[in-house]
Amino acid sequence: MIQLQPSPKTYCGQTERSKTPEETLAFIEPLTKIAGITRVADITDLDRIKIPVYSCIRPTAADGAISVYNGKGGTEAEARVAGIMEGIERYSAEAMPRDLAMVSYDMLSLTEDTLNPADLILPKNIDPRAELPWVDAWDIANNCSLKVPLCAVMHPNPHYMPSLFRSSSNGIASGNTIEEAVFYALTELIERDAWSLVETTRVTGPAVTGLTGDAAEMLAKFTAAGVEVTLKDITSDIGIPTIAAVADDVTLKDPRLLTIGMGTHTNPEIAVIRALTEVAQSRATQIHGAREDATIAAFREMMGYDRVKRMNSYWFCVDETRDFSEIAGCATPDFRTDILAIIDRLRAAGLDRVLVADLTDPDLGVPVVRVIVPGLECFTIDNERRGKRCIDAERRRLHRPKSAA
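This one's a predicted model, so the numbers in the text were calculated from it and none came from an experiment. (Residues numbered from 1 in each chain as written. Predicted model: local features only at pLDDT ≥ 70, side-chain atom pairs only at ≥ 80, totals over all residues. Heavy atoms only, no water.)

Asker: Run through the pattern of salt bridges, naming residues and quoting values.
Answerer: Under the defined criterion, the tally for this structure stands at 26 salt bridges. Its salt-bridge partner being E188, residue R192 comes within 3.6 Å of it at the nearest N-O pair. Of the two residues, R192 and E188 are both situated in helix α4 (residues 178-201); the distance of four residues between them amounts to about one turn of the helix. Take R192: its relative accessible area is 15%, and that puts it in the buried class. Of the charged contacts in the structure, one is a salt bridge between D193 and R389, with a shortest N-O distance of 2.8 Å. Of this pair, D193 sits in helix α4 while R389 sits in helix α11 (residues 388-398), placing them 196 residues apart in sequence. Residue R389 is classed as buried on the basis of its relative accessible area, which comes to 12%. Through salt bridges that share partners, D47, R48, D249 and R283 make up one connected network. (Salt bridge = Lys/Arg side-chain N within 4 Å of Asp/Glu carboxyl O. Helix = DSSP H or I, 4+ residues; strand = E, 2+ residues; numbered from the N terminus. Buried < 20%, exposed > 50% of the residue type's maximum accessible area, 1.4 Å probe, protein only.)

In structure tokens form, the structure reads like this:
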């Protein structure tokens with residue numbers, strides 16, 4: 001059972017957390033060895049933007065999982081925390097439960113409340129009635145337990161276990177409290193859903209102008225370095241602010257540096273900052289990766305700057321603008337209250353289940369969860385899975401008057 005408790009946001013800088021980054025670091029840095037993290041490197045100076053980015057190395061990652069993770073933030077401490085926490089998330093999500101029975105949904109649902117695999121947006125030709133291993137989750141929207149397929153919770157899914165779809169980390173998050181972890185897992189799912197709707201329709205929303213405060217200062221770092229960033233408001237019908245930042249390095253015209261970042265948060269300014277720091281992270285890791293793997297770098301360069309930009313031209317077009325002040329947020333001083341508001345907005349969009357599996361490793365004690373919202377799209381990370389929301393969005397686009405297209 002997962003009962004959400006009050007979880008005040010005691011740190012409100014360029015992100016929101018239940019503890020300061022320094023307090024979090026004091027807790028998690030001694031745990032890196034247990035989680036198999038061997039190195040945490042500052043790669044900020046690889047790029048001229050100078051927004052903090054850290055790389056976290058975990059060589060013992062399970063087969064099928066990446067072993068290098070990245071963290072970004074408005075400060076060095078925020079970025080270092082983000083990198084280590086991602087490594088802890090991945091370590092925690094690999095723990096294999098014991099004594100798993102293989103049973104079909106049809107059989108299990110006779111005796112247990114069970115999530116129908118068909119509700120998870122399956123690739124074509126996948127049989128949702130196949131025998132699968134199942135684990136426990138808690139529906140925080142309806143306050144009840146139910147069984148969910150193991151492959152929807154673990155990452156990566158072990159190669160010897162049947163799976164319904166390609167394994168991913170979408171909806172896995174950590175936090176100082178379980179409420180903080182659930183909040184950031186939910187915002188990631190909503191972000192990927194909004195991004196999927198955009199990639200389906202090629203309608204990228206209005207360009208955001210009139211930034212103020214920390215977001216404006218961060219954008220100015222890109223401008224000063226000769227990097228043009230277009231901010232787009234891609235907030236979906238769910239109504240949680242979601243921003244895309246599309247970057248074009250007009251100084252270098254390097255195709256590897258045509259990057260995009262996404263940010264979703266109940267606070268619109270933090271949504272913008274998360275999108276911008278993700279661009280900074282993408283740039284630094286592209287540069288870092290190119291230095292370590294000349295073959296991949298050569299392949300990207302072979303495509304060429306002009307071709308890569310043409311392929312993504314719909315992101316760079318500006319047909320309308322929206323002042324930042326017009327983007328409505330719904331942030332409160334407490335993660336639990338934010339989560340309940342998000343649940344209400346999901347319900348209003350016809351998404352009435354929010355499933356949480358607790359992945360917290362007892363040896364670490366760092367809250368980690370996998371959150372599943374059946375019906376939210378993940379097309380951008382798995383193009384074999386395209387659900388009703390994407391199909392309906394495409395249908396609406398096709399039936400709009402030409403003047404509105």
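Alright, that's what it looks like, and here's the rest.
Asker: How would you summarise the nonpolar core if you had to cite specific residues and measurements?
Answerer: Grouped together as the largest cluster of nonpolar side chains are 41 residues, with contacts concentrated most on I88 and V148. Those elements that place two or more of their residues in this core are α1 (21-28), α2 (76-93), α3 (105-108), β7 (132-139), β8 (144-149), β15 (355-358) and β16 (368-372). For this core, the element with the highest residue contribution is α2, accounting for six residues. In this structure, I88 is in contact with I28, A35, I37, L364, V366 and V368, ignoring residues within four places of it in sequence. Formed by 30 residues, the second largest nonpolar core is a distinct cluster that contains W138, Y184, A185 and I342. (Core = buried A, V, L, I, M, F, W, Y, C linked by side-chain atoms within 4.5 Å. Contact = heavy atoms within 4.5 Å.)

Asker: Got a sec to walk through the packing of α1 against α2? Specific residues and values, please.
Answerer: Contact geometry for α1 and α2: axes closest at 9 Å, N-to-C directions at 35°. The crossing of α1 and α2 is left-handed. Residues P21, E22, T24, L25 and I28 of α1 form the contact with α2, whose own contacting residues are A77, E78, R80, V81, I84, M85 and I88. (Axes fitted to C-alpha atoms, helices over the stretch in contact; angles between N-to-C directions. Left-handed = near helix turned anticlockwise from the far one by under 90°.)

Asker: Tell me what's going on with the pairing of strand β12 (residues 242-249), and back it up with residues and numbers.
Answerer: Of all eight residues making up β12, eight are buried, and the element is well covered by its neighbours. By the alternation rule, side chains of β12 split into T242, A244, V246 and D248 and I243, A245, A247 and D249, which are all buried. When strand β11 (residues 227-233) meets β12, the two strands line up antiparallel, connected through seven bridges. Looking at β12, one finds that K232 is bridged to A244. Pairing of β12 with strand β13 (residues 259-264) involves six bridges; the strand directions are antiparallel. Opposite T242, over in β13, you have T264 as the bridge partner. (Pairing = 2+ DSSP bridges.)

Asker: An account of the side chain of N170 is requested, with residue identities and associated values reported.
Answerer: Positionally, N170 belongs in the loop between β8 and β9 (172-174). Sequence-distant contacts of N170, that is, excluding residues within four places in its chain, are made with E188, L189, R192, R370, C378 and I381.

Asker: Run through the sheet that holds strand β3 (residues 39-42), naming residues and quoting values.
Answerer: Neighbouring strands of a sheet are bound in pairs by backbone hydrogen bonds; such pairs are parallel or else antiparallel. The antiparallel open sheet is built from three strands, whose spatial order is β3-β4-β5. Two strands close off the open sheet at either side, each with one partner strand: β3 and β5 (68-72). For this sheet, the mean inter-axis angle between neighbouring strands, taken without regard to orientation, is 25°. Both strand β4 (residues 53-57) and β5 contribute to a ladder of five bridges, which runs antiparallel. Across the sheet, the residue bridging to C56 is Y69, located in β5. Docked against the sheet, α2 engages β3, β4 and β5, running at close to 145° with respect to β5.

Asker: Go over the packing of aromatic side chains with me, naming the residues and quoting the values.
Answerer: Counted by the stated rule, this structure contains four aromatic pairs. For the pair F183 and Y184, a centre-to-centre distance of 4.9 Å together with 85° between the ring planes defines the contact as edge-to-face. The same class applies to F183 as to Y184, namely buried. Taken together through their ring pairs, the aromatic side chains of F183, Y184 and F335 make up a single cluster. Lying across the ring of Y184, R17 places its NZ or CZ 4.4 Å from the centre. (Phe/Tyr/Trp six-rings, centres within 6.5 Å; stacked < 30°, edge-to-face > 60°. Lys NZ or Arg CZ within 6 Å of the ring centre and 35° of its normal.)

Asker: Break down unusual backbone geometry for me, with residues and values.
Answerer: Here the amide bond leading from H155 into P156 is cis, since omega sits at -5°, within 30 degrees of zero. Take P156: it is sitting in the loop between β8 and β9. In this structure, R202 takes a positive phi of about 60° despite not being glycine. By secondary structure assignment, the location of R202 is in the loop between α4 and β10 (207-209). Phi angles above zero are rare outside glycine, and K253 is one such case at about 50°.

Everything listed here is a matter of coordinates, which is why it stays silent on function.
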